[in-house]
Amino acid sequence: MYQDQELTIRPILENDLERLWELIYKDEQPEWKKWDAPYYPHKAMPYDQFIKSNQDWIGDDSYWVIEVDGIVRGIISYYWEHEPSKWLEMGIVLHEAGSWGNGIGTRALKLWINHLFNTMPLVRVGFTTWSGNERMIRVGEKLGMQMEARLRKVRLYEGQYYDSIRMGMLREEWEAFNH
């Protein structure tokens, strides 16, 4: 568990599952999905189906919750792009519009990057987003990340093409940025 004032990131507990279902799978077209890879389909899911399929989130080091004032507001995660070479990508979703634009995502990602570098022998951390998600690009810039790749016009959303954006940071850059 890591904390920054009222903000906490921590592993998922069983009593978080109902709240996560409400945030992620209760609605067919949630507002957050317009920003989080909206070119991939999202399906609502009944609670009982969610519980059966997501018990494995409990204790999974790659998915944690973002809590603000004791209320779960989103998730933070990582996945291996290529584990043998320690190529890890991370993600973050704040599921409620009221959590956007006030620094929560930047602060949560900073805690997460610290956690990842402190607990794994990583050389680099990064994330992939799309050019329509300008807030996420700004979060990367605020954290000192570099735009490492821009794949032009590869994401089609609502009849318009957007770029895929890869941002990343090396361990030594992170250490220099935070000292």
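Above this note sits the structure.
Quick caveat: nothing in here was measured; it's all calculated off a predicted structure.

Colleague: Please clarify how the overall build of the chain should be interpreted in this entry.
Modeller: From N to C terminus, the chain includes 5 helices and 8 strands. By the compact-globule yardstick of 16 Å for 179 residues, the chain fits well, its C-alpha radius of gyration being 16 Å. Overall, the C-alpha framework of the chain stretches about 45 × 40 × 35 Å when taken along its three principal axes. Counting every position in the chain, which comprises 179 residues, the buried fraction comes to 45%. Residue pairs in contact within the chain that sit at least 24 positions apart in sequence constitute 61% of those at least 6 positions apart. Taken as a whole, the chain presents about 9800 Å² of accessible surface, with 50% of it coming from carbon and sulfur. Separation of charge centres in the chain, based on 21 positive and 28 negative side chains, amounts to 5 Å.

Colleague: Sorry, what's going on with the pattern of salt bridges here?
Modeller: Pairing between side chains of opposite charge can happen when their charged atoms approach one another. By the definition in use, this model includes 13 salt bridges. Across the pair R10 and D16 runs a salt bridge whose closest N-O atoms are separated by 2.7 Å. Given a relative accessible area of 9%, R10 falls into the buried group. Salt-bridge contacts for E96 lead to R19; the nearest nitrogen and oxygen are separated by 3.0 Å. Here the residue E96 occupies a position in the loop between β5 (87-94) and α3 (104-119), and R19 occupies one in helix α1 (residues 17-24), the gap between them amounting to 77 residues. Connected through shared salt-bridge partners, E81, E89, R124, E148 and R166 make up one network.

Colleague: Can you walk me through the packing of aromatic side chains in this structure?
Modeller: For the coordinates displayed, the defined rule picks out 12 aromatic pairs. Centroid distance W130 to Y157: 5.6 Å. Interplanar angle 80°. Geometry classified as edge-to-face. Placement of W130 in strand β6 (residues 124-130) and of Y157 in strand β7 (residues 146-157) is noted, with a sequence separation of 27 residues between them. As far as the burial class goes, W130 and Y157 line up, both buried.

Colleague: How do you make sense of the environment of K26 when you look at a structure like this?
Modeller: With respect to the helices and strands, K26 occurs in the loop between α1 and α2 (47-54). Here the alpha-carbon distance between K26 and P46, two residues 20 residues apart in the chain, equals 7.1 Å. Excluding its chain neighbours within four sequence positions, the residues that come into contact with K26 are W21 and A44.

Colleague: Honestly, the pairing of strand β2 (residues 7-11) in this entry has me stumped. Any pointers?
Modeller: The two faces of a sheet get side chains in turn, since along a regular strand they alternate between them. Burial runs high along β2: 4 of the 5 residues are buried. As judged from the 3 bridges shared by strand β1 (residues 2-4) and β2, these two strands associate in the antiparallel manner. The residue bridging D4 from the neighbouring strand is L7, located in β2. Here β1 hands over to β2 after 2 residues, with Q5 in that stretch at a positive phi of 55°. Of the pairings in the sheet, the one linking β2 to strand β3 (residues 63-68) comprises 5 bridges and is antiparallel in character. By the bridge assignment, I9 is partnered in β3 with I66.

Colleague: For this particular structure, what's the right way to read unusual backbone geometry?
Modeller: Where the residue is not glycine, phi is negative for most of them; where a peptide bond is considered, it is trans in most cases. The backbone of A37 sits at a positive phi, close to 45°, despite the residue not being glycine. Looking at the secondary structure, you find A37 in the loop between α1 and α2. In this structure, E158 is a non-glycine residue whose phi angle is positive, near 50°. If you trace the backbone, E158 turns up in the loop between β7 and β8 (160-170). A relative accessible area of 70% places E158 in the exposed class.

Colleague: Is there a simple way to think about α1 in this case?
Modeller: Because the α-helix completes a turn every 3.6 residues, residues three or four places apart line up on one side. Buried within α1 are the following residues: L17, L20, W21, L23 and I24. Buried residues of α1, seen end-on, are gathered within an arc of 165° and therefore sit on one face of the element. Where α1 is buried, its residues contact α2, β3 and β4 (71-82).

What counts, and at which threshold
- Residues numbered from 1 in each chain as written.
- Predicted model: local features only at pLDDT ≥ 70, side-chain atom pairs only at ≥ 80, totals over all residues.
- Heavy atoms only, no water.
- Helix = DSSP H or I, 4+ residues; strand = E, 2+ residues; numbered from the N terminus.
- Rg over C-alpha atoms; globule rule 2.2 N^0.38 Å.
- Buried < 20%, exposed > 50% of the residue type's maximum accessible area, 1.4 Å probe, protein only.
- Contact = heavy atoms within 4.5 Å.
- Areas by Shrake-Rupley, 256 points an atom, 1.4 Å probe, with all protein chains shown as cover.
- Lys, Arg positive; Asp, Glu negative; His and termini not counted.
- Charge placed at Lys NZ, Arg CZ, Asp CG, Glu CD.
- Salt bridge = Lys/Arg side-chain N within 4 Å of Asp/Glu carboxyl O.
- Phe/Tyr/Trp six-rings, centres within 6.5 Å; stacked < 30°, edge-to-face > 60°.
- Pairing = 2+ DSSP bridges.
- Arc of directions from axis to C-beta.

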